[in-house]
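One letter stands for each residue in the lines below.
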Amino acid sequence: AGLGLSGNGIISGIPAAGGLGTNYFSARVTDARSQTADQLLPLPVFPNFHITNSASALPAAILNASYSCQFGAVGGNPYPNGNGYQYTWNSAPLPPGLGLSYAGYLSGTPTQTGTFYFQIYAEDWDGNIAQNTFSLIVGSGLQIVTTSLTSATAGVGYTNQLQATGGRAPYSWSIALGSQPLSAGL
């Protein structure tokens with residue numbers, strides 16, 4: 001569906017998604033003396049080739065903690081024998097400590113914090129390329145950075161803001177299990 005054959009032998013159009021798979025049709029050529037020849041031809045139609053990971057949905061990484069993420073693609077003409085596609089990235093560096101396998105597996109232990117931008121390329125058996133730009137945030141692990149509190153005076157109002165870093169905001173605070181409660185009135 002979506003393709004046509006012109007009188008001069010050109011197949012053209014935009015294949016419809018409903019016709020995915022190998023389609024077979026018989027082409028007929030007729031010469032000036034009305035002689036004909038027929039040929040059964042296969043026409044593979046693959047889905048639109050693209051990387052399936054959402055650019056905004058890569059899981060965040062934590063500094064010095066093991067990380068892994070699998071990239072995937074659909075469409076195109078996958079490598080035979082179940083090998084799928086081959087993955088590479090552009091010249092922008094991956095986060096230090098991470099590597100990408102040809103099978104699309106991003107893994108390792110990040111050694112630097114920051115936001116890293118890079119492009120992932122998937123190549124199919126026919127040499128077609130699908131690409132997408134990704135960002136990966138490498139943060140420090142969640143930790144409380146407040147190490148001491150100002151003194152409180154009985155009978156006098158008190159306020160002190162605790163501070164945390166790393167992890168993923170917004171933060172929610174509570175008294176840790178097994179801890180002593182705050183002084184009465186706080």
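The following refers to the structure shown.

Reading the values: the criteria
Residues numbered from 1 in each chain as written. Predicted model: local features only at pLDDT ≥ 70, side-chain atom pairs only at ≥ 80, totals over all residues. Heavy atoms only, no water. Helix = DSSP H or I, 4+ residues; strand = E, 2+ residues; numbered from the N terminus. Polar contact = N/O pair within 3.5 Å; in protein donor to acceptor, adjacent residues only side chain to side chain. Contact = heavy atoms within 4.5 Å. Pairing = 2+ DSSP bridges. Buried < 20%, exposed > 50% of the residue type's maximum accessible area, 1.4 Å probe, protein only. Core = buried A, V, L, I, M, F, W, Y, C linked by side-chain atoms within 4.5 Å. Patch = residues over 30% accessible without salt bridge, like charges linked within 9 Å, V, L, I, M, F, W, Y side chains within 5 Å. Areas by Shrake-Rupley, 256 points an atom, 1.4 Å probe, with all protein chains shown as cover. Salt bridge = Lys/Arg side-chain N within 4 Å of Asp/Glu carboxyl O. Axes fitted to C-alpha atoms, helices over the stretch in contact; angles between N-to-C directions. Phe/Tyr/Trp six-rings, centres within 6.5 Å; stacked < 30°, edge-to-face > 60°.

The next subject is the side chain of N53. Inspection of the secondary structure assignment puts N53 in the loop between β5 (50-51) and β6 (61-62). A polar atom in the side chain of N53 sits 3.1 Å from the backbone oxygen of Q70. For N53, the side chain forms a polar contact with the main-chain nitrogen of G72, separated by 2.8 Å. Not counting chain neighbours up to four residues away, the residues in contact with N53 comprise C69, Q70, F71, G72, N132 and F134.

The next thing to look at is the pairing of strand β13 (residues 129-139). Consecutive side chains of a regular strand alternate in pointing toward one face of the sheet and then the other. Pairing of β6 with β13, which is carried by two bridges, proceeds in the parallel orientation. Its bridge partner being in β13, I62 is matched across the sheet by G139. In textbook terms, the turn of a hairpin is the stretch between consecutive antiparallel strands, and for strand β12 (residues 114-123) and β13 this stretch comprises five residues, one of which, G127, has a positive phi near 90 degrees.

The next thing to look at is the environment of P47. When you line up the elements, P47 lands in the loop between β4 (36-45) and β5. For P47, a relative accessible area of 36% puts it in the partly exposed group. It is 9.2 Å that separates the C-alpha atoms of P47 and A16, two residues lying 31 residues apart in sequence.

In this section: the sheet that holds β13. If you trace the four strands from one edge of the open sheet to the other, you get β6-β13-β12-β9, paired in mixed fashion. A strand with exactly one partner marks an edge of an open sheet, and here the two such strands are β6 and β9 (86-89).

Looking at soluble globular proteins, one finds that nonpolar side chains tend to be buried together. If you look at the biggest cluster of nonpolar residues, it comprises 22 residues, and the most contacted ones within it are F71, L106, F118 and L136. Of all the secondary-structure elements, those providing two or more residues to this core are β7 (67-70), β10 (98-100), β12 and β13. Apart from residues no more than four positions distant in its own chain, F71 is found in contact with N53, L58, Y87, L100, A103, G104, L106, F118, I120 and F134.

Here we take up a nonpolar patch on the surface. A cluster of nonpolar side chains, L142, I144, L149, L162, Y171 and W173, forms an exposed patch at the surface whose accessible area comes to about 600 Å². Accessibility expressed as a relative area gives 35% for Y171, which makes it partly exposed.

Attention now moves to the sheet that holds β10. Here we have three strands laid out as an open sheet, ordered β7-β11-β10, and antiparallel in their pairing. Each end of this open sheet is capped by a strand with a single partner; those strands are β7 and β10. On average, each strand axis in the sheet is inclined to that of its neighbour by 10 degrees, with strand direction left out of account. Here β10 pairs with strand β11 (residues 105-108) via three bridges, running antiparallel. What sits directly across from L100, in β11, is L106.

Let's shift gears to unusual backbone geometry. Negative phi characterises most residues that are not glycine, and trans characterises most peptide bonds. For S34, which is not a glycine, the phi torsion comes out positive at approximately 65 degrees. Along the chain, the position of S34 falls in the loop between β3 (21-30) and β4.

The residue N77 is located in the loop between β8 (73-74) and β9 in this model. The contact partners of N77, leaving out residues within four places of it in the chain, are F46, D124, W125 and D126.

What follows is about the packing of aromatic side chains. Across all of its chains, the model carries three aromatic pairs by this definition. For the ring pair Y79 and W125, a centre distance of 5.3 Å and an interplane angle of 85 degrees mean the geometry is edge-to-face. With a gap of 46 residues between them, Y79 in the loop between β8 and β9 and W125 in the loop between β12 and β13 connect regions that are remote in the sequence. The class for Y79 is buried, based on a relative accessible area of 16%.

Read these as layout, nothing more, since geometry by itself doesn't imply function.
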